[in-house]
Amino acid sequence: MNTSGRALRILQITDCHLGRTGHSSLLGMDTRASFDSVLELVKQNYPEPDLVLATGDIGQDGSVEAYRYFQDKMSVFSCPVFWFAGNHDNFPAMLEVAGSRGALEKTFASGPWQLIFLNSAVPGKVHGFLRPKELSLLNRTLEATPDKFALIAFHHHPIDTDCQWLNPIGLRNREAFFATIDRYPQVRGVVWGHVHQEMDQRRGDVRLLAAPSTCIQFEPRSREFGVGRESPGYRWLELHPDGRIETGVVRADHIEFEVDMNSGGY
Ligand SMILES: Nc1ncnc2c1ncn2[C@@H]1O[C@@H]2COP(=O)(O)O[C@H]2[C@H]1O
């Protein structure tokens, strides 16, 4: 592997839950306003990523307008922006707005790194599942690129969280996913959204990472659904030429957001 050169800088934004109009909200939070605040923060702290990765639940109501809003906002970045579906998304509407597969491509290679984006959404369901087609793409790509480090992204969590209520709605066939990546020592990271909170764990040499939502947060360590007090935010990742991943989460702590803290779900 070529271990010289600089790191590939990635911005991960996730679970934006954007709606059809400027008045759309989730549990009382204005999701366009919180998304805009997170992007303001990105502009100040991480203005020139090499790639933006939006890991699902970009829209809340499946409307074309929500994806248009997202796409317009992404035009501030001069780098490639990749997005894929979560359980709340509407793939045909995403495709209509994207105009071509461009932003919805499944793989991207840069220097010593190979990125693979999978669709874990199951129509009409909240939980995730990687269909044989997705696992086969994963397997094929990893087999073809043994000389590149790999980062894999999809929407649903492939490991349990410390929130009991979230565990049944993660990736259901996680064993098949891990059985696949265990055959490829070049895999260095897996990133996802869905859990509306930060996670950073390891499984051997593989970093397992989740990012906060750009809108409401879920309360960590809770048996039942609970809204978290933390602010919306984003994750940055730097993929180094020697296979190391540096990463962190930044939150919009300076802004007051309205959210219904007593909600029992949505
Ligand atoms: N009280 C609840 N109990 C279980 N699941 C819930 C509850 N409220 C919402 N959900 C679902 O859990 C999902 C977690 O993330 P999503 O934003 O995908 O959408 C959420 C809802 O579909």
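Residues numbered from 1 in each chain as written. Predicted model: local features only at pLDDT ≥ 70, side-chain atom pairs only at ≥ 80, totals over all residues. Heavy atoms only, no water.

Per an unreviewed UniProt entry, the recorded name for the protein chain is 3',5'-cyclic-AMP phosphodiesterase, and the organism is Hydrocarboniclastica marina. Regarding the protein chain, the UniProt comment filed under Sequence similarities (unreviewed entry) reads as follows: "Belongs to the cyclic nucleotide phosphodiesterase class-III family." (UniProt positions renumbered as here; feature names shortened; annotations may be inferred.)

Draft legend 1. Structural detail: the side chain of H196. Assignment of secondary structure puts H196 in the loop between β9 (187–192) and β10 (199–203). On the basis of relative accessibility, which here comes to 1%, the residue H196 falls in the buried class. A distance of 3.3 Å separates the side chain of H196 from the side chain of H17, its partner in a polar contact. Not counting the four nearest positions on each side in its chain, H196 is found in contact with D15, H17, P212, S213, I216, Q217, F218 and Y266. (Helix = DSSP H or I, 4+ residues; strand = E, 2+ residues; numbered from the N terminus. Buried < 20%, exposed > 50% of the residue type's maximum accessible area, 1.4 Å probe, protein only. Polar contact = N/O pair within 3.5 Å; in protein donor to acceptor, adjacent residues only side chain to side chain. Contact = heavy atoms within 4.5 Å.)

Draft legend 2. Inspection of the sheet that holds strand β5 (residues 81–83) at higher detail. If you walk across this open sheet you meet the 5 strands as β5-β4-β1-β12-β13, and the pairing is mixed. Unpaired on one side and paired on the other, β5 and β13 (245–251) mark the two borders of the sheet. Sheet twist, expressed as the average angle between the axes of neighbouring strands with direction ignored, equals 20°. Bridge analysis of strand β4 (residues 51–54) against β5 gives 3 bridges, and the strand direction is parallel. Opposite A54, over in β5, you have W83 as the bridge partner. (Pairing = 2+ DSSP bridges. Axes fitted to C-alpha atoms, helices over the stretch in contact; angles between N-to-C directions.)

Draft legend 3. Representation of the pattern of salt bridges within the structure. Scanning the entire structure with this criterion turns up 13 salt bridges. Residue R20 is joined to E65 by a salt bridge in which the shortest nitrogen-to-oxygen separation is 3.4 Å. Taken as a pair, R20 in the loop between β1 (8–13) and β2 (25–26) and E65 in helix α2 (residues 64–74) lie far apart in primary sequence, 45 residues in all. Put simply, R203 and D182 hold a salt bridge, and the shortest N to O gap is 2.7 Å. Of this pair, R203 sits in strand β10 while D182 is found in the loop between α5 (174–181) and β9, placing the two residues 21 residues apart along the sequence. Residue R203 is classed as partly exposed on the basis of its relative accessible area, which comes to 33%. Salt bridges here are not isolated pairs; linked through shared partners, they connect R6, R9 and D50. (Salt bridge = Lys/Arg side-chain N within 4 Å of Asp/Glu carboxyl O.)

Draft legend 4. Structural detail: the site of the ligand. By nearness alone, 14 residues border the ligand, and H17, N87, H88, G264 and Y266 come closest of all. In this structure, an oxygen atom belonging to the ligand sits 2.7 Å away from a side-chain N or O atom of N87. One of the side-chain N or O atoms of H196 is found 3.4 Å from an oxygen atom in the ligand. Bound to the protein, the ligand loses 79% of the 450 Å² it would expose on its own. Residues of the shell around the ligand, tallied by class, amount to 6 nonpolar, 7 polar and 1 charged. (Near = heavy atom within 4 Å. Areas by Shrake-Rupley, 256 points an atom, 1.4 Å probe, with all protein chains shown as cover. Nonpolar A, V, L, I, M, F, W, Y, C, P; charged D, E, K, R; others polar.)

Draft legend 5. Geometry of the pairing of β1. In terms of burial, β1 is a largely internal element, 5 of the 6 residues being buried. Strand direction decides the pairing type here: β1 and strand β12 (residues 233–239), joined by 5 bridges, are antiparallel. Paired with R9 across the bridge in β12 is E238. Inspection of the sheet shows β1 paired to β4 by 4 bridges, in the parallel sense. Pairing of Q12 across the sheet is with L53, part of β4.

Draft legend 6. Quick look at the environment of D89. Mapped onto the elements, D89 comes out in the loop between β5 and α3 (91–98). Ignoring anything within four residues of it in the chain, the contact list for D89 reads G56, D57, I58, G59, Y67, F84 and M94. In this structure the side chain of D89 is engaged in a polar contact, spanning 2.6 Å, whose partner is the backbone nitrogen of D57.

Draft legend 7. Here's a closer look at the state of the cysteines. Enumeration according to the criterion identifies 0 disulfides in this entry. This cysteine, C16, is not joined by any disulfide, and C215 carries the nearest cysteine sulfur, 7.4 Å off. Judged by relative accessible area, C16 falls into the buried class, the value being 0%. The thiol sulfur of C163 is not disulfide-bonded, and the nearest other cysteine sulfur, from C215, lies at 16 Å. (Disulfide = S-S within 2.5 Å.)

Draft legend 8. The arrangement of the sheet that holds β9 in detail. Read from one edge to the other, the open sheet built from 6 strands follows the order β6-β7-β8-β9-β11-β10, with strand pairing classed as mixed. Each edge of the open sheet carries a strand with a single partner, namely β6 (107–110) and β10. Between one strand and the next, the sheet's axes are offset by a mean angle of 15°, whatever the strand orientation. Pairing of β9 with strand β11 (residues 206–210), which is carried by 4 bridges, proceeds in the parallel orientation. Across the sheet, V190 pairs through a bridge with L208, a residue of β11. Along the sheet, helix α4 (residues 132–144) contacts β6, β7 (113–117), β8 (149–153) and β9; its crossing angle with β7, the most-contacted strand, is approximately 170°. Sheet strands in contact with α5 are β8, β9, β10 and β11, and its direction is about 155° off that of β9.

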